[in-house]
Amino acid sequence: MSVVALLGLVGWYLFSGRGAGLLPQDSWGPWREKRESYGWTVWVRVNSWSDAAEAEGNYGKAEDFTLRAYGTPAGATNLMIGLRFTLAPDGELTLDEARES
């Protein structure tokens, strides 16, 4: 019975998105250009087996970032021009101007 519980826990971990980094490369869809704004180009891919997405963005050769939304949203802020990128596990990418606290 403990083996069944362990397999259930491993299955939940992988397919909920939290363990997406452990899934095979074939489970990831192709990279797609999602947004080109303010000089930034962002590419996104979504995992077909779990609730996970990855994004890579670059601003020419000057700056880049990687987001991994494995089960929960991930975000990055560019302080130079005040932009905030947020990636949801379903691959939705939003871009907002950062606000000072």
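Up top is the structure these notes are about.
How each quantity is defined
Residues numbered from 1 in each chain as written. Predicted model: local features only at pLDDT ≥ 70, side-chain atom pairs only at ≥ 80, totals over all residues. Heavy atoms only, no water. Helix = DSSP H or I, 4+ residues; strand = E, 2+ residues; numbered from the N terminus. Buried < 20%, exposed > 50% of the residue type's maximum accessible area, 1.4 Å probe, protein only. Contact = heavy atoms within 4.5 Å. Areas by Shrake-Rupley, 256 points an atom, 1.4 Å probe, with all protein chains shown as cover. Pairing = 2+ DSSP bridges. Phe/Tyr/Trp six-rings, centres within 6.5 Å; stacked < 30°, edge-to-face > 60°. Polar contact = N/O pair within 3.5 Å; in protein donor to acceptor, adjacent residues only side chain to side chain. Salt bridge = Lys/Arg side-chain N within 4 Å of Asp/Glu carboxyl O.

Novice: A description of the overall build of the chain should follow, citing residues and the corresponding values.
Specialist: Counting its regular elements, the chain contains 1 helix and 7 strands. Traced from its N-terminal end to its C-terminal end, the chain shows the element sequence α-β-β-β-β-β-β-β. Counting across all 101 residues of the chain, residues that qualify as buried make up 37%. Pairs at least 24 residues apart make up 32% of the contacts formed inside the chain by residues separated by at least 6 positions. By element, 53% of the accessible surface of the chain is carried by carbon and sulfur atoms, the whole surface being about 6600 Å².

Novice: Describe the pairing of strand 4 (residues 63-70), listing the residues and the values that go with them.
Specialist: Strand direction decides the pairing type here: strand 3 (residues 52-59) and strand 4, joined by 8 bridges, are antiparallel. Bridging across to strand 4, Ala 52 finds its partner in Tyr 70. Where strand 3 folds back onto strand 4 in an antiparallel hairpin, the turn is made up of 3 residues, including Gly 60, whose phi is positive at roughly 60 degrees.

Novice: Tell me what's going on with the packing of aromatic side chains, and back it up with residues and numbers.
Specialist: Inspection of every chain in the model, using the stated rule, returns 5 aromatic pairs. On the basis of an interplanar angle of 40 degrees and a centroid distance of 6.2 Å, the ring pair of Trp 28 and Tyr 70 is categorised as tilted. Taken together, the positions of Trp 28 in the loop between helix 1 (2-15) and strand 1 (32-37) and Tyr 70 in strand 4 put the pair 42 residues apart, joining distant regions of the chain. In this pair, the class of Trp 28 matches that of Tyr 70, namely buried. With a centroid separation of 5.4 Å and an interplanar angle of 50 degrees, the aromatic rings of Trp 40 and Phe 65 are classed as tilted. On the criterion of sequence distance, the pair formed by Trp 40 in strand 2 (residues 40-46) and Phe 65 in strand 4 is long-range, its members being 25 residues apart.

Novice: Give me the environment of Asp 90: which residues, what numbers.
Specialist: The residue Asp 90 is located in the loop between strand 6 (83-87) and strand 7 (93-97) in this model. Taking the C-alpha atoms as reference, Asp 90 lies 6.3 Å from Ala 53; in sequence the two are 37 residues apart. Residues in contact with Asp 90, not counting those within four places in the same chain, are Val 46 and Asp 51. Within the structure, the side chain of Asp 90 is placed 3.0 Å from the backbone nitrogen of Glu 92, a separation counted as a polar contact.

Novice: Outline the pattern of salt bridges, supporting the account with residue identities and numerical values.
Specialist: Scanning the entire structure with this criterion turns up 2 salt bridges. Taking the shortest distance from any N to any O, the salt bridge between Arg 68 and Glu 54 comes out at 3.7 Å. Here the residue Arg 68 occupies a position in strand 4, and Glu 54 occupies one in strand 3, the gap between them amounting to 14 residues. Relative accessible area serves as the criterion here: at 9%, Glu 54 is assigned to the buried category. What you see here is one network of salt bridges that share partners, running through Arg 45, Glu 54 and Arg 68.

Read these as spatial facts, not as claims about activity.
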